[in-house]
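# Coordinates in review
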2 protein chains.
Amino acid sequence: MRKLTILLLATTLMTGAAQADALRDAALEAFRPLPSTIPAVKDNPVTPDKIALGKSLFFDPRLSASGVFSCYSCHNLATGGDDNMETSVGHGWQKGPRNAPTALNAVLNEAQFWDGRADDLKAQAKGPVQAGVEMANTPENVVVTLKSMPAYAEAFATAFPGEADPVTFDNMARAIEAFEATLITPAPFDAWLNGDDNALSTEARAGLQLFMDKGCSSCHSGVNIGGHGYYPFGLVEKPGADVLPVGDKGRFAVTETADDEYVFRAAPLRNIALTAPYFHSGKVWDLDVAVEIMAESQLGEALKPEETARLVAFLDSLTGTLPQITVPVLPPETGATPRPTQDIR
Amino acid sequence: MRKLTILLLATTLMTGAAQADALRDAALEAFRPLPSTIPAVKDNPVTPDKIALGKSLFFDPRLSASGVFSCYSCHNLATGGDDNMETSVGHGWQKGPRNAPTALNAVLNEAQFWDGRADDLKAQAKGPVQAGVEMANTPENVVVTLKSMPAYAEAFATAFPGEADPVTFDNMARAIEAFEATLITPAPFDAWLNGDDNALSTEARAGLQLFMDKGCSSCHSGVNIGGHGYYPFGLVEKPGADVLPVGDKGRFAVTETADDEYVFRAAPLRNIALTAPYFHSGKVWDLDVAVEIMAESQLGEALKPEETARLVAFLDSLTGTLPQITVPVLPPETGATPRPTQDIR
């Protein structure tokens, strides 16, 4: 009885700050704030020269066969690092198979693409450049293009010192990865994790509590609140074929293991409020609806409207601040630069 | 005899500086350096709020029906303010009829488009947004799109204070014009006109002298070294149909006057070294060749190789420095934002 009284008293006296501390302690078990410095990447030292070159390459439409598309086209840094389309439009007005993920904070994902088929961004960056429905270029043509412009040749030599032949397709990808490593967007949630009680609204904190209590954080955890681990879309109940088209079996295409049918990497949720439409199919435009579909398909839960609102308030707190990015000045073509072609090969 | 001796002596003693002054005096009769402040535009006070809004609009692909193209797509500020293609690729992978002119310093042109059919940039900006082969949007859909995003509604209200209904298609164009007024690129030629003898190489100065002596500056003059006045392409001798396609009669389509067949606005030559390919047809990639075609077709002159080289050295001195432009952060779509459509109407 005395014990219970003390417990009740303690609970009653528990201050808002103490409650916040308890929630923060629990949150720090599941999540990590963004680092304050540019993350290191594997086998690719991130240097200022490499970042500068990577920024130029990221913005350069001459990496595409047509001259129409750069990395920036589908990973638009002005609109949350993606293109706000179901699936991207590429070479010949063809549509890609899956929704373009954001480039923001992508360096912190465990693997890249919806099915994790690329280990890191330097592997990822080589994909869209070559994909027939995206930039439709070839490594050979990219290298000829870059070598044709003396300022690029110099920038590669500076960014990759000591290499006999620095202008390579792989070094292009390494430089792009180095630039993307700078695309880190600290958000109110980071400020709160770092100890600023005022960074999250009451509703966002309630949403965070719910996000952990319901089990969302079992998959969407870590520094990117997702971006690692593979899970079946429809763990409890498969969503409709409009959202989960039968033809796209996700990670199955990578591992060819029956268990991996309709398995996808848990989506990283930073800046999710900026990156509609949602899911690999890009079929859902409303974040509320996306949250409800997740709750039903992964947790078997029908959310109450106020629960959805709280969860979305928490997700809104993941919208971060982009570093200031100045538009690079790209080298002009020369007589040796391959001409753009809009032909479909 | 005494007079002649004095004259010869004076000529002999004429210093490099005096020669430079004489060339500069002659040049200042034909050309003007860029202003050091943002140019005022007619009927559209350029304010910081309007510039900021205009920058967002310039970068926003949601001004196009497809969500693929922004002003920036074809007037790429990283590549000289144009798109380095014969003619631009737009909605449905369609090709536009003429080469995209640079947006840099365009505010200082007397009229816009190759045929001068728009009086100014606020008139010009409304064209590509609606052109079926470019952004394929409608004014109504643009306004619904902008009004659907509260941050845009606020930005328009701030940029156009006191207006009852500030989010209009015309105000979109006014804001874009205000941003474009900031795209001024001071070049070595400006530094030289302003008195810096070292800003131009000996070859560039010889090229300038030739540019005036041959008569190039009769049409390509003023602050933009062109961008005003209308002249037949092929004044002396029509270039081949590959360069001057018979189907495009230029200003004739604007004035319906026989005299205006194959008449075009004299191209502004600032940053010309960055904006290949050349002419309204975009058929010539090499600046040397473009200069030779001009000399033949407009002046009836076959240039010697060293003359071409000098003229190109002068043209190179028109490559300017872009102001630092940071990528804007655009407002996210809401449930009320019209969805992008790639359909061809």
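Here the structure is a predicted model, which is why all the values come from computation and not from measurement.

### Concerning the overall build of chain A
In terms of helices and strands, chain A carries 14 helices and two strands. Computed over the C-alpha atoms, the radius of gyration of chain A is 22 Å, within 12% of the 20 Å expected from 2.2 N^0.38 for a compact globule of 345 residues. C-alpha atoms of chain A, sized along the principal axes, occupy 90 × 45 × 30 Å. The buried share of chain A, taken over its 345 residues, is 55%. Put simply, 71% of the contacts in chain A that link residues at least 6 apart link residues at least 24 apart. By element, 56% of the accessible surface of chain A is carried by carbon and sulfur atoms, the whole surface being about 14700 Å². Side chains of chain A carry 27 positive and 43 negative charges; the gap between the two charge centres is 2 Å.

### Remarks on the pattern of salt bridges
The final tally for this structure, using the stated rule, is 32 salt bridges over all chains. Between A:Asp170 and A:Lys126 there is a salt bridge whose closest N-O contact spans 2.6 Å. With a gap of 44 residues between them, A:Asp170 in helix 9 (residues 169–180) and A:Lys126 in helix 6 (residues 126–130) connect regions that are remote in the sequence. Among the salt bridges present, the one from B:Lys283 reaches B:Glu86, with a minimum N-O distance of 2.9 Å. Of this pair, B:Lys283 sits in the loop between strand 4 (263–265) and helix 14 (287–299) while B:Glu86 sits in the loop between helix 4 (71–74) and strand 1 (89–90), placing them 197 residues apart in sequence. Since its relative accessible area comes to 43%, B:Lys283 is described here as partly exposed.

### Digging into the interface of chain A and chain B
In this assembly, 34 residues from chain A lie in contact with 34 residues from chain B. In total, about 3100 Å² of surface goes out of reach between chain A and chain B, with carbon and sulfur atoms giving 68% of it. Summed over the shared surface of chain A and chain B, the number is zero salt bridges. Its residues placed into classes, the side of chain A that touches chain B shows 20 nonpolar, eleven polar and three charged.

### Structural notes on the nonpolar core
The biggest cluster of nonpolar side chains holds 82 residues, and the ones touching the most others in it are A:Leu57, A:Leu77, A:Met172, B:Leu57, B:Leu77 and B:Met172. Setting aside residues no more than four positions away along its own chain, A:Leu57 makes contact with A:Leu63, A:Cys71, A:Leu146, A:Tyr152, A:Phe156, A:Met172, A:Ala175 and A:Ile176. Membership of the second largest hydrophobic core comes to 41 residues, among which are B:Ala27, B:Trp285, B:Leu311 and B:Ala313.

### Description of the UniProt feature "binding site: heme c 2" (unreviewed entry) in chain A
Residue and element names in this part refer to chain A. Following the UniProt record, one finds the feature "binding site: heme c 2" (unreviewed entry) at Cys216, Cys219, His220 and Met294. Annotated residues spanning 79 residues; largest pairwise C-alpha distance 11.3 Å, indicating a single compact cluster. The residue cysteine 216 is located in the loop between helix 11 (202–214) and strand 1 (230–232) in this model. If sequence neighbours within four positions are ignored, cysteine 216 has contacts with Phe211 and Leu299. With respect to the element layout, cysteine 219 can be found in the loop between helix 11 and strand 1. Beyond its immediate sequence surroundings of up to four residues, cysteine 219 is in contact with Gly226, His228, Tyr231 and Ala266.

### Here's the deal with the domain arrangement of chain A
Residue and element names in this part refer to chain A. The assigned domain composition of chain A is domain 1 (48–181) and domain 2 (185–317). Listed per partner, the contact involves 23 residues of domain 1 and 28 residues of domain 2. Each partner contributes to the roughly 2000 Å² buried at the junction of domain 1 and domain 2, and carbon and sulfur atoms together form 48% of this total. Interface area lost by domain 1 to domain 2 is led by Glu86, Asn105 and Trp114, which between them contribute 30%. Applying the counting criterion to the domain 1 and domain 2 interface returns two salt bridges. At the boundary of domain 1 and domain 2, one finds eleven residue pairs in polar contact (both at pLDDT 80 or more). Its residues placed into classes, the side of domain 1 that touches domain 2 shows seven nonpolar, ten polar and six charged.

### Some details on the relation of the copies chain A and chain B
Overlaying chain A with chain B gives an RMSD of 0.0 Å, the required rotation being 180 degrees about an axis along which the chain moves by 0.0 Å. Here the symmetry operator amounts to a two-fold rotation axis. Using C-alpha coordinates, one finds that chain A approaches the rotation axis most closely at A:Thr326, a distance of 2.0 Å. Take the interface residues of chain A: 100% of them recur as interface residues in chain B, which is what a same-surface contact looks like.

### Topic: unusual backbone geometry
The general pattern is negative phi for most residues beyond glycine and trans for most peptide bonds. Residue and element names in this part refer to chain A. In this model, alanine 276 is joined to proline 277 through a cis peptide bond whose omega is -5 degrees. Inspection of the secondary structure puts proline 277 in the loop between strand 2 (263–265) and helix 13 (287–299). The backbone of asparagine 271 shows a phi angle near 60 degrees, a positive value even though the residue is not glycine. Looking at the element boundaries, asparagine 271 is found in the loop between strand 2 and helix 13.

### Details of helix 14 (residues 305–316) of chain A
All names here are of chain A. In this model, helix 14 (twelve residues) spans 16 Å end to end at C-alpha, consistent with the 16 Å of a helix rising 1.5 Å per residue. The set of residues buried in helix 14 consists of Glu307, Thr308, Leu311, Val312, Ala313, Phe314 and Leu315. Those residues of helix 14 that are buried lie in contact with helix 10 (188–193), helix 11 and helix 13.

### Considering the state of the cysteines
Chemically, a disulfide is nothing more than a covalent bond linking the sulfur atoms of two cysteines. Residues and elements named next belong to chain A. Going through the model one piece at a time under the given rule, you end up with zero disulfides over all chains. Cysteine 216 takes part in no disulfide bond, and the closest cysteine sulfur, belonging to cysteine 219, lies 9.0 Å away. A relative accessible area of 17% places cysteine 219 in the buried class.

### A look at helix 8 (residues 150–159) of chain A
Residues and elements named next belong to chain A. Those residues of helix 8 not exposed but buried are Tyr152, Phe156 and Ala159. Projection of helix 8 onto a plane perpendicular to its axis shows the buried side chains occupying an angular sector of 70 degrees, all on one side. Facing away from the buried side of helix 8 by more than 90 degrees, the exposed set consists of Pro150 and Glu154. If you follow the buried residues of helix 8, they end up packed against helix 3 (48–59), helix 7 (139–147) and helix 9.

### Structural notes on the packing of helix 13 of chain A against helix 14 of chain A
Helix-helix packing is described using two parameters, namely the angle between the two axes and the distance between the axes. Residue and element names in this part refer to chain A. Taken N-terminus to C-terminus, the directions of helix 13 and helix 14 make an angle of 110 degrees; their axes are 10 Å apart at the nearest point. With respect to each other, helix 13 and helix 14 are oriented roughly perpendicular. In terms of crossing hand, the pair formed by helix 13 and helix 14 is right-handed. Each of Leu287, Asp288, Val291 and Glu292 in helix 13 lies in contact with helix 14, whose residues at this interface are Thr308, Leu311, Val312 and Leu315. Its residues assigned to classes, the contact of helix 13 with helix 14 shows five nonpolar, one polar and two charged.

Reading guide: rules and limits
Residue positions are given per chain, counting from 1 as you read along its sequence in written order. The lettering of chains begins at A and the numbering of ligands begins at 1, in the order of writing. Under the rules for a predicted model, residues below a pLDDT of 70 receive no local features and side-chain atom pairs below 80 are neither given nor counted, while totals for whole chains, interfaces and linings still include all residues. To get the side-chain values, take all heavy atoms of the structure and skip hydrogens and water. Secondary structure elements are taken from DSSP: a helix is a run of H or I of four residues or more, a strand is a run of E of two residues or more, and numbering for both begins at the N terminus. With the radius of gyration taken over C-alpha atoms, the globule rule is written as 2.2 Å times the number of residues to the power 0.38. Burial classes follow relative accessibility: with a 1.4 Å probe on protein chains only, a residue under 20% of its type's maximum area counts as buried, one over 50% as exposed, and anything between as partly exposed. Residue contacts are defined here by distance: any two heavy atoms, one from each residue, within 4.5 Å place the two residues in contact. For accessible areas, the Shrake-Rupley method is used with a probe of radius 1.4 Å. Any residue's cover is judged against the shown protein chains and nothing else. Charged-residue counts in this description rest on Lys and Arg as positive and Asp and Glu as negative, His and the chain ends being excluded. To locate a charge, take atom NZ for lysine, CZ for arginine, CG for aspartate or CD for glutamate. What counts as a salt bridge is simple: a side-chain nitrogen of Lys or Arg found within 4 Å of a carboxyl oxygen of Asp or Glu. The term buried area refers to how much accessible surface (probe radius 1.4 Å) is lost by two components on association, counted for both of them together. Each residue is assigned to one of three groups, with Ala, Val, Leu, Ile, Met, Phe, Trp, Tyr, Cys and Pro labelled nonpolar, Asp, Glu, Lys and Arg labelled charged, and all others, Gly among them, labelled polar. Buried residues of nine kinds, namely Ala, Val, Leu, Ile, Met, Phe, Trp, Tyr and Cys, make up a nonpolar core once their side-chain atoms join them within 4.5 Å. UniProt positions are given in the numbering used here, feature names are shortened, and annotations may be inferred rather than shown by experiment. As used throughout, domain bounds are those supplied by an automatic or database domain assignment. N or O atoms within 3.5 Å of each other form a polar contact, as long as, within protein, one can give a hydrogen and the other can take it, and as long as residues adjacent in sequence are counted only when both atoms are side-chain atoms. The copies were overlaid by least squares, fitting only the C-alpha atoms of residues that reach a pLDDT of 70 or more in each copy. Under the convention used throughout, the expected extent of a helix is 1.5 Å for every residue step, that is, one less than its residue count. By definition, disulfides here are pairs of cysteine sulfur atoms that lie within 2.5 Å. For this quantity, the arc is that covered by the directions from the helix axis to the C-beta atoms. Lines fitted to the C-alpha atoms define the axes, with helices restricted to the stretch that makes contact. Angles between their N-to-C directions range from 0 to 180 degrees. Here is the rule for angles: anything less than 35 degrees is roughly parallel, anything more than 145 is roughly antiparallel, 65 through 115 is roughly perpendicular, and the remaining ranges are oblique. Each crossing is labelled by how the near helix is turned from the far one, with a counterclockwise turn of less than a right angle marking it left-handed and a clockwise turn marking it right-handed.

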